[in-house]
Amino acid sequence: MTDLLAIWRKYASMANILDRRPDFRFDPDFYGAQRQDLDQDTQALLVHYEQSGREEGSAPTLYRSISPGNPDMVAVIARLVTDPELSIAIESGDPEAYHLAFELLHLGAPIDASMSNFSARAYQDAYSDIAKAGVDPLVHYLLFGSKEGRRTLEQLRASRHQGRATYSPDKPTCLIATHEFSRTGAPIVALDLVREASQTHNVIVASLRDGPLLADFLEYACEAVLSTQLLGDFAHHGSEAFQKIDFAIINSVEAWAFIPFLVAREIPFASYVHEYAHYLFPTYKSSIRRSRWGGPVKSGGRS
């Protein structure tokens with residue numbers, strides 16, 4: 001049988017809360033917030049719960065507070081967990097495994113992302129309405145977000161693909177962005193750029209959409225990322241290469257969506273434009289863009 005308390009101790013130590021909270025089954029901060037008339041000492045709160053709080057129906061943790069009225073959330077929790085030992089406990093049907101998983105998830109960064117496919121920080125970054133509303137991101141996802149189809153780290157992690165090129169800290173790193181990996185004009189040009197750049201640079205490829213050319217790009221790139229909102233996703237891409245991008249090339253007007261990320265991170269970039277402006281909508285995509293240092297964008301044969 002899986003030692004749930006050992007799992008708790010491992011992660012609680014990482015979060016520096018083990019002294020305050022030695023057992024996941026009792027959260028002194030949660031219990032104390034419900035009973036502010038009590039001495040907030042950990043042991044005093046635990047004694048009160050055991051002597052009277054339990055009989056009075058007081059919940060010892062947030063999980064015990066919300067789980068009775070939301071039985072469907074345990075299935076969502078099971079899908080999120082990636083920790084091997086905890087997954088085994090959940091699969092065995094141990095009801096306390098769900099309790100442990102929830103309390104670990106609720107510890108937030110960096111614990112949640114290290115043992116599951118959920119990150120409260122990433123969820124709030126992706127959905128500004130959650131952050132603005134001030135609601136608990138984990139509780140919102142378990143009760144509502146999962147049903148609404150809101151994404152988690154599972155989709156973000158699946159969007160990253162390891163390339164065959166090995167990252168070298170001695171080389172400069174460039175990001176080459178294209179709108180898709182289809183076997184059409186602009187992506188083929190992007191593939192040529194990646195092939196040439198890989199001879200002297202670490203290359204990261206970013207695309208808005210997947211396609212059959214992905215495998216070809218991975219032959220020369222350190223990694224490839226599929227993202228429609230790289231600005232929000234960036235904080236959750238942990239590779240060394242992604243943290244050290246020296247410059248970028250935006251291949252085609254249709255890849256304009258990557259520019260906010262580059263501007264926010266102050267990464268110099270140039271745009272390589274292939275398209276005729278008169279057939280691009282909305283028209284702001286084809287307006288003249290300038291690099292960080294103020295120079296004009298590079299234009300291809302069509303302008």
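The rules behind the values
- Residues numbered from 1 in each chain as written.
- Predicted model: local features only at pLDDT ≥ 70, side-chain atom pairs only at ≥ 80, totals over all residues.
- Heavy atoms only, no water.
- Buried < 20%, exposed > 50% of the residue type's maximum accessible area, 1.4 Å probe, protein only.
- Helix = DSSP H or I, 4+ residues; strand = E, 2+ residues; numbered from the N terminus.
- Arc of directions from axis to C-beta.
- Contact = heavy atoms within 4.5 Å.
- Pairing = 2+ DSSP bridges.
- Right-handed = clockwise from strand over helix to strand, strands pointing away.
- pLDDT = per-residue confidence, 0-100.
- Expected span 1.5 Å × (residues − 1).

## A look at helix H5 (residues 73-80)
At step 1: Residues of H5 that are buried: Met73, Val76, Ile77 and Leu80. Projected down its long axis, H5 carries its buried residues within an arc of 100°, all on one side.
At step 2: Each element contacted by the buried residues of H5 is listed here: helix H4 (62-66), helix H7 (95-105) and helix H11 (137-148).

## What to know about the pairing of strand S5 (residues 247-251)
At step 1: Sheet analysis places strand S2 (residues 173-180) next to S5, joined by four bridges and oriented parallel. Bridge pairing links alanine 177 to isoleucine 250 in S5.
At step 2: Where S5 lies against strand S6 (residues 269-273), four bridges are found, and the strand directions are parallel. Bridging from a neighbouring strand, alanine 248 pairs with phenylalanine 269 of S6.
At step 3: For the segment spanning S5, helix H17 (residues 259-264) and S6, crossover handedness is right-handed.

## Here we look at the confidence of the model for the protein
At step 1: Scored by pLDDT, the protein has a mean of 89; 89% of the residues are at 70 or more.
At step 2: Predicted confidence is poor over residues 288-303, with pLDDT under 50, and the contacts of this stretch with residues over four places away or in other chains come to 35 contacts.

## Comments concerning the environment of leucine 230
At step 1: If you trace the backbone, leucine 230 turns up in helix H15 (residues 230-233).
At step 2: We classify leucine 230 as buried; its relative accessible area is 2%.
At step 3: For the pair formed by leucine 230 and phenylalanine 258, sequence separation is 28 residues and the distance between their alpha carbons is 6.5 Å.

## Remarks on unusual backbone geometry
At step 1: With an omega of -5°, the peptide bond between alanine 109 and proline 110 qualifies as cis.
At step 2: Mapping proline 110 onto the fold places it in the loop between H7 and helix H8 (111-115).
At step 3: If you check the backbone angles, asparagine 16 has positive phi at about 60° while not being a glycine.
At step 4: Positive phi outside glycine occurs at glutamate 266, with the angle close to 55°.
At step 5: Looking at where glutamate 266 falls in the secondary structure, it is placed in the loop between H17 and S6.

## Regarding H11
At step 1: With twelve residues, H11 ought to run about 16 Å at 1.5 Å a step, yet its terminal C-alpha atoms sit only 14 Å apart, falling short of that.
At step 2: Counting buried residues in H11 gives nine out of twelve residues, a clear majority hidden from the surface.
At step 3: By the burial criterion, the buried members of H11 are Pro137, Leu138, Val139, His140, Tyr141, Leu142, Leu143, Gly145 and Ser146.
At step 4: Here the buried face of H11 lies against H4, H5, H7, helix H9 (120-126) and helix H10 (128-133).

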